[in-house]
Every structure is written in structure tokens, then in C-alpha cells.
Amino acid sequence: MTEQLAKQLKEEGNALFAKKEYEDAHQKYSEAINHDKQNAILFANRAACSFAMGRYLDSAQDAREATRLDPSYPKAWARLANAQAALLNYVDCAASWETAIKALPTGNLTAVQQKQKQEYTNALRTAKETIRNLSNRVSQGVQVTQANDAPFIRAQSMLPGLRAQGDSGLQSSAWVAFESAKDFVDGVKAMKEIRLQGNTLVGNPEALTLMSTGLLFDHRAFHVDTANWLFYFNEQVKFEALRFGAIVDGTFESIVEAYRTKQVSDGWDITRPAMDRTIRILILRAFVEGRMKNNSQLAIELIRKALDILKWGNTGPWKDVSITEKGTIFQRATIHKAQVIFFELYEIAFSMSGNNDAVFPISKLYEEAKSLLADLDPSPPTAQEVGPGKYLAYYRYPAGHASSAIAFYHIRMAGMVQPRTLDNVKAHHKGAADHYLKAVEYFPIDDENHVYFLCTAVEHLFKYGTPVKEVLPLMERIRKGIPAMLKIWEHSGHPHHMPGAPLEKTLRVEDQIRDALKRGQFKPDDKIMPQWG
């Protein structure tokens with residue numbers, strides 16, 4: 001009777017799936033599984049529903065259970081492979097496709113089986129090609145930790161000399177590069193301890209804390225060092241969410257309401273680590289979606305949710321609760337660093353959308369940046385009190401990033417402003433230049449952002465109509481700052497180091513301007529428009 005009911009529910013689920021009513025079909029398969037927990041087909045079918053709804057982790061979990069129940073079921077292995085590919089876990093994906101092919105009969109294949117074999121073979125070839133491509137590709141702005149010339153390796157070698165300089169050695173981005181990467185690298189190592197023991201995930205419960213601490217310290221610490229990185233990450237998220245009872249899905253409203261209830265019933269000692277993991281997972285997932293998977297819409301949703309929870313913790317019903325009770329994640333400086341992640345992801349999202357202001361309103365970036373600047377600590381600790389790395393990362397860089405976000409806003413508005421008069425356009429070029437020059441002052445001269453923001457400021461000063469004599473000293477600062485910057489950041493992977501990028505263009509334009517001045521083509525008081533192309 002139970003198996004017969006399960007069969008009936010499966011047929012109802014199949015009919016709903018055929019009509020693309022995936023949520024309802026998923027529910028039917030779940031009900032069927034309650035009556036027949038040993039049926040691999042039911043788990044494979046529910047995996048297909050989850051996949052169709054974009055719930056790839058759930059899809060992989062159900063498909064894996066289907067392969068456990070019936071290792072000879074080709075379609076279960078295929079569904080597992082598809083889910084693993086969606087999760088960018090290409091190594092295991094290739095292995096699953098190979099197993100799916102082996103699970104098919106070796107001879108006398110039906111037409112359906114022949115089609116399956118061709119599909120599986122093609123998918124296996126694609127997975128293997130992707131693995132080869134990944135091994136030779138470095139994501140934009142991502143460090144490769146094994147490289148001897150990686151910024152944090154170079155920074156580490158500089159620290160003894162900086163310490164010997166006393167107070168003057170505190171103003172170097174080497175402290176930030178080393179400390180942020182150390183936490184992130186340690187976190188990635190801890191993450192790779194994740195493993196399946198029977199049916200239970202076991203691992204290091206501090207991995208995501210270390211990784212998110214490194215990322216918040218300075219997001220340039222983010223790196224991917226293996227094709228299976230995302231698989232480890234997703235498994236670690238599942239492990240820590242389960243270990244600490246962290247809520248990783250739901251709306252902002254449902255999450256905070258659940259934690260309010262949890263705090264009343266379970267107390268702070270249970271609620272604090274759970275909420276801490278929720279926020280850290282949201283931040284890490286946002287960065288992964290935005291930087292690794294180019295899923296800007298989801299990235300912004302996730303980082304926005306993390307920020308809303310952080311701000312709620314300091315302005316809502318818990319505003320008078322001590323940091324000791326609710327957790328250090330709610331510290332003011334940590335919120336500022338999460339806002340910096342928001343700036344980074346929002347600028348990427350806006351640019352990748354083709355400057356689509358309807359999807360990613362540029363005013364949102366401006367408002368968030370202004371919010372950070374208005375909330376800065378008027379009496380921050382000193383480098384001697386908290387250490388040079390933390391001082392720069394938490395009490396100097398956020399203001400610099402906020403100022404650069406406002407500059408980014410002005411650059412985009414120069415191309416969008418209405419009415420599009422010359423004065424309106426020039427006002428935004430001036431706003432961009434002014435805010436980049438403000439941003440520069442928050443970064444040491446050996447930080448790549450110091451030089452890069454100067455380059456961009458120079459470009460927009462010329463577009464505004466600034467006399468040559470006022471811009472040349474800034475170009476000279478760029479030239480003089482480059483050697484110090486390259487000692488640490490030469491191989492950071494940031495696009496502005498590439499041939500034809502702003503650094504190279506600015507140096508070329510400076511040479512052209514100085515040569516033209518010598519030949520009397522124009523005077524220092526003249527306003528010119530150099531060719532940056």
C-alpha cells in the first residue's frame with residue numbers, strides 16, 4: 001500500500017514536472033519519498049526539480065543519494081554531474097559523467113540509451129575541457145597563492161624592514177596584503193579538510209570565519225587555487241550551517257524574525273554563533289557569485305541582505321545589546337568593510353549590465369558610500385594601538401573606497417546626466433576627479449589603489465578642463481609612486497597592470513605632454529584634451 005501510494009505520487013509529480021510546475025512536482029516527489037525512502041528514481045526526479053529551480057546544492061544532494069541507493073542508475077549519475085557542473089565542481093562532474101557512461105549497457109543499446117551515451121560523452125568532453133581551461137586561467141583580480149611573486153609573498157618579505165623603520169614603516173600596504181591573505185589562505189586550507197564520513201559531513205568549523213575575515217580585511221586576498229574550490233566551499237557552507245544552526249536562505253525579514261525568536265528561546269550563546277555564520281556565509285557567497293560566477297544579480301541580493309542584517313543588529317531591537325552578547329560581527333568597523341564589498345560588487349554589476357540604471361540604479365551606490373562616510377569614527381584608534389594592518393584596512397581604506405565609489409558614480413553620471421549640457425557633464429567629471437583625489441589620501445603610496453586612483457583623477461581633470469600646469473604634478477606623483485607600488489602589487493592580477501591599462505596610458509600621455517611643452521605646441525596654462533586611447 002505504501003509503495004503503491006509512492007508510485008501514485010510519483011506519477012502526479014511527473015505530470016507536474018512535464019508542465020514545468022517544478023515547485024509542486026518537488027512537493028509530490030517529497031511526499032512519495034516519505035513513503036518509499038529506498039527508491040532511487042524518486043530522489044533523482046526530485047533532483048531534477050531542484051535543478052530546474054536553480055537549487056543546485058539540493059539537486060546534488062538528492063542525486064548523490066540516488067546513486068547511493070542504485071549505483072547502476074545512469075540517469076542518477078547524469079543528474080549528479082549536471083548539478084556538480086552548475087556548482088563549478090568540474091573535477092567531480094567529469095568523474096560522474098564517466099560513471100554514468102559506464103552504467104549504460106556495453107552493447108545492444110536501445111535508441112534512448114544511444115542518445116544518452118552521446119549526451120553523456122559530449123558532456124564529459126566539455127567538463128574535461130573546462131578543467132584544462134580553469135587550470136590556465138586566473139580570474140580577474142584573483143591571486144594565485146602558490147606564485148612566488150604574489151602580493152602577500154612579497155609583502156611578507158618586506159615586514160622585517162618595515163618593523164625596523166619604526167613608526168614610518170607603519171604606512172605600507174604590505175601589512176594589509178600579508179595579514180588579509182594569511183587569514184584567507186588559512187581558511188582555504190581549513191575548508192579543504194571537509195569530507196564525508198558515512199553520510200555525515202565533517203570538517204573544520206572555523207574555515208568560513210577565517211576566509212571571511214581575510215576577505216573583509218581586504219577583498220584582494222580572495223583567490224582560487226583548485227578547480228574543486230567551489231565544491232569545497234559549498235560543502236563547507238552546508239557543514240557550518242548545520243553545525244551552528246545558521247539560517248542561509250530566506251528573506252531579510254524572515255531571517256531576523258527567526259533569530260529574534262531563537263534568541264528568546266535559546267539565548268545568546270546559541271544565537272550569536274548561528275547569526276555570525278549566517279552573515280559570513282552571505283558575504284562569502286556574494287563575492288563568489290559576483291567574482292567567480294558573474295552572477296551579479298544574486299551577488300547584490302546576498303551582500304545587500306548581509307548589510308541589512310548587520311545594520312538591523314545595530315539599529316533595531318538589539319541596538320542596545322552589547323557587542324559581547326550579539327557578536328563582534330556587528331562592530332561598526334566590520335559593517336564598513338561589508339559596505340566596501342558592496343561597492344566592489346555593485347560597480348562590477350553596473351558595468352557588466354551595460355550601465356543599466358534600471359536594473360542597478362547608480363544612486364544606490366552613491367547612497368551607500370555617503371552612508372559609510374557619515375558613519376566614520378571621528379576618533380579612530382591608532383596604528384600603534386591596533387596594529388598597522390588593521391588600522392589601514394579598517395580605519396583608513398573604507399573611507400578611500402567610499403570616496404572612489406562616489407567617483408565611480410560621477411563617471412557614470414557624466415554619460416547619463418539629463419539634461420545633457422556641457423556644464424552638467426563637466427560637473428560630473430570634476431566630481432569624479434575630486435573624489436578620486438580624496439580616495440588617494442587614504443591609501444599608502446605603495447598601494448596599487450593610490451596610483452590607480454591618481455591615474456583616473458588625472459583623466460577626469462583633463463576632461464573637466466584643468467590647466468596642464470595643475471595636472472602635471474599629479475602625473476609626476478604617479479610616475480614616482482609606481483616603483484613602490486610594484487614592489488608589492490606587480491602581480492596582483494588587477495586589470496590596471498595590463499598593457500594598455502590606465503597606468504601605461506598615463507605615463508605615455510605625460511611623456512607626450514612634456515614633449516609638446518618643450519616644442520612649444522601649448523603652454524602650461526592651456527587646457528588640453530589628451531588622447532587616452
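Residues numbered from 1 in each chain as written. Predicted model: local features only at pLDDT ≥ 70, side-chain atom pairs only at ≥ 80, totals over all residues. Heavy atoms only, no water.

Caption draft 1: Focus on the overall build of the protein chain. Along the protein chain, the regular secondary structure elements total 24 helices and two strands. Oriented by its inertia axes, the alpha-carbon framework of the protein chain measures out at about 95 × 55 × 55 Å. Across the protein chain, every contact between residues at least 6 apart in sequence was considered, and the portion connecting residues at least 24 apart equals 68%. Carbon together with sulfur atoms contributes 50% to the accessible area of the protein chain, which is approximately 24,600 Å² in total. Across the protein chain, 65 positive and 62 negative side-chain charges occur, with their mean positions spaced 3 Å apart. (Helix = DSSP H or I, 4+ residues; strand = E, 2+ residues; numbered from the N terminus. Contact = heavy atoms within 4.5 Å. Areas by Shrake-Rupley, 256 points an atom, 1.4 Å probe, with all protein chains shown as cover. Lys, Arg positive; Asp, Glu negative; His and termini not counted. Charge placed at Lys NZ, Arg CZ, Asp CG, Glu CD.)

Caption draft 2: Structural context of helix α12 (residues 252-266). Taking 1.5 Å per residue, 15 residues should reach 21 Å; α12 reaches 20 Å between its end C-alpha atoms and fits that length. Buried residues of α12: I255, V256, Y259, K262 and Q263, and no others. Buried residues of α12, seen end-on, are gathered within an arc of 120° and therefore sit on one face of the element. Residues of α12 that are exposed and point over 90 degrees away from its buried face: E253, V264 and S265. Looking at the residues trailing α12, positive phi occurs at G267, about 90°. (Expected span 1.5 Å × (residues − 1). Buried < 20%, exposed > 50% of the residue type's maximum accessible area, 1.4 Å probe, protein only. Arc of directions from axis to C-beta.)

Caption draft 3: A look at the packing of helix α10 (residues 207-217) against helix α13 (residues 268-292). Relative orientation of the contacting elements α10 and α13 amounts to 60°, with a least axis distance of 10 Å. With respect to α13, the axis of α10 lies oblique. Handedness of the crossing formed by α10 with α13: left-handed. Two secondary-structure elements touch here, α10 through L208, T209, M211, S212, T213, L215 and L216 and α13 through D276, R277, R280, I281, I283, L284 and F287. Per-class residue counts for the contact of α10 with α13 are eight nonpolar, three polar and three charged. (Axes fitted to C-alpha atoms, helices over the stretch in contact; angles between N-to-C directions. Parallel < 35°, antiparallel > 145°, perpendicular 65-115°, else oblique. Left-handed = near helix turned anticlockwise from the far one by under 90°. Nonpolar A, V, L, I, M, F, W, Y, C, P; charged D, E, K, R; others polar.)

Caption draft 4: Up close: the packing of aromatic side chains. Per the stated rule, a full pass over the model turns up 19 aromatic pairs. Ring centres 5.1 Å apart and planes at 35° place the aromatic pair F342 and Y346 in the tilted group. Taken together, the residues F342 and Y346, both in helix α16 (residues 332-352) and four residues apart, mark about one turn of the helix. Relative to Y409, the ring of Y366 has its centre 4.5 Å away and its plane inclined at 40°; by these criteria the two rings are tilted. Of this pair, Y366 sits in helix α17 (residues 362-374) while Y409 sits in helix α20 (residues 397-416); the two residues are 43 residues apart in sequence, bridging distant segments of the chain. For Y409, a relative accessible area of 15% corresponds to the buried category. Members of the aromatic cluster, each reached through a chain of ring pairs, are F184, F222, W229, F233 and F287. (Phe/Tyr/Trp six-rings, centres within 6.5 Å; stacked < 30°, edge-to-face > 60°.)

Caption draft 5: Layout of the packing of helix α8 (residues 151-164) against helix α9 (residues 174-191). Running from N to C, α8 and α9 cross one another at 130°; their axes reach a closest spacing of 8 Å. By the angle between their axes, α8 is oblique relative to α9. As for how α8 packs across α9, the hand of that crossing is left-handed. Contacts between α8 and α9 involve P151, F152, A155, Q156, M158, L159, L162 and R163 from the former and A174, W175, A177, F178, A181 and V185 from the latter. Considered class by class, the residues forming the contact of α8 with α9 number 12 nonpolar, one polar and one charged.

Caption draft 6: Here's a closer look at the environment of Q27. You can see Q27 is positioned in helix α2 (residues 22-35). Q27 sits 14 residues away from G13 along the chain, and the two C-alpha atoms are 7.8 Å apart.

Caption draft 7: Summary view of the nonpolar core. Core analysis: the largest hydrophobic core is formed by 114 residues, its most contacted members being M211, W229, F233 and I513. Element by element, the count of residues in this core is highest for α13, at 12 residues. In this structure, M211 is in contact with D183, F184, G187, V188, M191, W229, F233 and L284, ignoring residues within four places of it in sequence. Formed by 17 residues, the second largest nonpolar core is a distinct cluster that contains W77, A81, A100 and A127. (Core = buried A, V, L, I, M, F, W, Y, C linked by side-chain atoms within 4.5 Å.)

Caption draft 8: Just the pattern of salt bridges, in detail. Under the counting rule described, the total for this entry stands at 32 salt bridges. Where E368 meets R304, a salt bridge forms, and the shortest distance between an N and an O atom there is 2.7 Å. With E368 in helix α17 and R304 in helix α14 (residues 296-315), this residue pair connects regions lying 64 residues apart in the sequence. In this structure E368 comes out as buried when scored by relative accessible area, which is 6%. (Salt bridge = Lys/Arg side-chain N within 4 Å of Asp/Glu carboxyl O.)

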